[in-house]
Amino acid sequence: SAPTGAFGRCREVSMGKDTTTGHWEIAGLVSQRAMPTYPHGFPEEIIREYERLTGRKVLCNRPYSGTDVIRDYGEQAQKNGGLIVYTSADSVFQVAAHEETVPVEELYRCCEIAREITMKEEWRVGRVIARPYVGKKKGEFVRTSNRHDYALKPTGTTALDILKDNGYDVISVGKIRDIFDGQGITEAFRSKSSVHGMEQTIEICKDKDFKGLCFVNLVDFDALWGHRRNPVGYGEELERFDAKLGELLENLREGDLLMITADHGNDPTYTGTDHTREKVPFIAYSPSMKEKGMFEEQKTFGVIGATVLDNFGLKKAENMIGESILKELE
């Protein structure tokens, strides 16, 4: 009845509904066209070149669930040292390999090769993702936390660049560094899970005397529950997040500003395994706030990046979208 925080929702104006596009828009960069997807697998010329440069055989090469693909191709990949290449409804080139057969650093090398190949304008895949797994046999294979994303570099200046260029900290937690390909980041922490990401954020808030932005991605909502269409798991993850959020709130200082939002939808009750294009929540809170409430719907995710810049008295670049709502939050 008397919320202390401000809350509302934002619409996406970029074309697409993938992770890269959503995060770029949060940081003020609009994507005028969606990144290409490969519903029938990658063209033969990509796969031939990839096999030649990696020296390894490619298995699968079609859209697949990440857990199903290691179940169906895992044993074969272990026998011949091949790479399981698959995609989804997003613009992703995913490479799975068993950590004992293809060591993680070798998998990363192979993904760097894929990133180089698929950066060409005619293919322009949004992300290459390393998907290492372990296990002895079919039915026992599980993916590890050694995932690594190789994204395209942002196509223009973002709020992160402006913060960094003006001497502010831009701390990445989770896969934020990967999504922006390191651009505009001053320090990065890789997370093993969403709970771990919240624990890292709490520690940063408690122990780091930073001035700037701590940008956090909690991937389990998407990877474990949204894509798997598991609303029960999603709800339980929300409860785990809520408990850690309580700890984070206790460590916020008077001048800190916390924002909670999303980069796209992934409705766990919908059909299929693709992202869903949704309006996203935008919740803001500071210990200095008294009583707030709902603000009007925003036209772009870009209001978030613009508000962050305004908080530090910085102006956005000409290519950036979104208007600050800092005054509404004060």
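One can find the structure itself at the top, above this paragraph.
Since we're looking at a predicted model, the values are computed, not measured.

Engineer: Got a minute to help me understand the pattern of salt bridges in this structure?
Structural biologist: Close approach of charged atoms allows side chains with opposite charge to pair. A full pass over the atoms with the stated rule returns 23 salt bridges. The residue Lys 206 makes a salt bridge to Glu 203 at a minimum N-O spacing of 3.7 Å. With Lys 206 and Glu 203 both in helix 7 (residues 194-207) and three residues apart, this pair spans about one turn of that helix. Residue Lys 279 pairs with Glu 297 through a salt bridge whose shortest N-O separation is 3.2 Å. With a gap of 18 residues between them, Lys 279 in the loop between strand 11 (258-260) and strand 12 (280-285) and Glu 297 in the loop between strand 12 and helix 10 (303-311) connect regions that are remote in the sequence.

Engineer: Is there a simple way to explain the sheet that holds strand 9 (residues 187-189) in this structure?
Structural biologist: Pairing is parallel in the open sheet, where three strands are placed in the order 9-8-10. For this open sheet the edge positions go to strand 9 and strand 10 (212-216), each flanked by a neighbour on one side alone. Between one strand axis and the next, the sheet turns by 15° as a mean value, whatever way the strands run. Across the sheet, helix 7 touches strand 8 (169-173), strand 9 and strand 10, and the angle it forms with strand 8 is around 155°.

Engineer: Looking at this structure, how should I read the layout of surface pockets?
Structural biologist: Looking at the second largest pocket, its volume works out to about 530 Å³. Considering the residues around the second largest pocket, the lining is formed by 25 residues, among which Thr 144, Ser 145, Arg 147, Val 219 and Asp 220 are closest to the centre. Of all elements in the fold, only helix 3 (66-80), strand 5 (127-134), strand 6 (142-143) and helix 8 (220-226) reach the threshold of two or more residues within the lining of the second largest pocket. The greatest single-element share of the lining of the second largest pocket, amounting to three residues, is contributed by helix 8. A per-class count over the lining of the second largest pocket returns seven nonpolar, eight polar and 10 charged.

Engineer: Explanation requested: the packing of aromatic side chains in the structure shown.
Structural biologist: How two aromatic rings sit relative to each other is set out by the distance from centre to centre and by the angle between their planes. Overall, the coordinates contain 10 aromatic pairs when judged by the stated rule. Between Tyr 38 and Phe 42, the ring centres sit 4.9 Å apart and the planes meet at 40°, which makes this aromatic pair tilted. The class of Tyr 38 is buried, set by a relative accessible area of 10%. Under the relative-accessibility criterion, Phe 42 is labelled buried at 4%. Ring geometry for Phe 221 and Tyr 234: centres 5.4 Å apart, planes at 55°, overall tilted. Taken together, the residues Phe 221 in helix 8 and Tyr 234 in helix 9 (residues 231-250) connect sequence positions 13 residues apart. Relative accessible area serves as the criterion here: at 12%, Phe 221 is assigned to the buried category.

Engineer: For this particular structure, what's the right way to read the sheet that holds strand 12?
Structural biologist: Backbone hydrogen bonds hold the strands of a sheet together, and the pairing may be parallel or antiparallel. Judged by pairing direction, the sheet is antiparallel, and its three strands sit side by side in the order 1-12-11 without closing on themselves. Two strands close off the open sheet at either side, each with one partner strand: strand 1 (6-10) and strand 11. Taken pair by pair, the neighbouring strands of this sheet meet at an average axis angle of 20°, ignoring direction. Across five bridges, the pairing between strand 1 and strand 12 is antiparallel. From the neighbouring strand, Gly 8 faces strand 12, where its bridge partner is Phe 282. Those strands touched by helix 9 are strand 11 and strand 12, and its axis lies near 165° from that of strand 11. Contacts from helix 10 reach strand 1, strand 11 and strand 12 within the one sheet, and its direction differs from that of strand 11 by about 175°.

Engineer: I keep staring at the pairing of strand 7 (residues 148-151) and nothing clicks. Help me out?
Structural biologist: Two faces make up the sheet, and in a regular strand the side chains alternate between them. Here strand 7 shows two buried faces, one formed by His 148 and Tyr 150 and the other by Asp 149 and Ala 151. Here strand 5 runs beside strand 7; their pairing, made up of four bridges, is antiparallel. Residue pairing in the sheet places Arg 127 in a bridge with Ala 151 of strand 7.

Engineer: Before we go on, may I ask you to explain the side chain of His 275 in this structure?
Structural biologist: Note that His 275 resides in the loop between strand 11 and strand 12. Among the polar contacts listed, one links the side chain of His 275 to the backbone oxygen of Lys 17, at a separation of 3.0 Å. A polar contact of 3.2 Å, which involves the side chain of His 275, links it to the side chain of Asp 90.

Analysis parameters
- Residues numbered from 1 in each chain as written.
- Predicted model: local features only at pLDDT ≥ 70, side-chain atom pairs only at ≥ 80, totals over all residues.
- Heavy atoms only, no water.
- Salt bridge = Lys/Arg side-chain N within 4 Å of Asp/Glu carboxyl O.
- Helix = DSSP H or I, 4+ residues; strand = E, 2+ residues; numbered from the N terminus.
- Pairing = 2+ DSSP bridges.
- Axes fitted to C-alpha atoms, helices over the stretch in contact; angles between N-to-C directions.
- Contact = heavy atoms within 4.5 Å.
- 1 Å grid on protein atoms, 1.4 Å probe; cavity = no way out; pocket = protein on both sides within 12 Å on 5 of 7 lines; lining within 4 Å.
- Points joined across faces, edges and corners; volume = space filled by probe spheres on them.
- Nonpolar A, V, L, I, M, F, W, Y, C, P; charged D, E, K, R; others polar.
- Phe/Tyr/Trp six-rings, centres within 6.5 Å; stacked < 30°, edge-to-face > 60°.
- Buried < 20%, exposed > 50% of the residue type's maximum accessible area, 1.4 Å probe, protein only.
- Polar contact = N/O pair within 3.5 Å; in protein donor to acceptor, adjacent residues only side chain to side chain.

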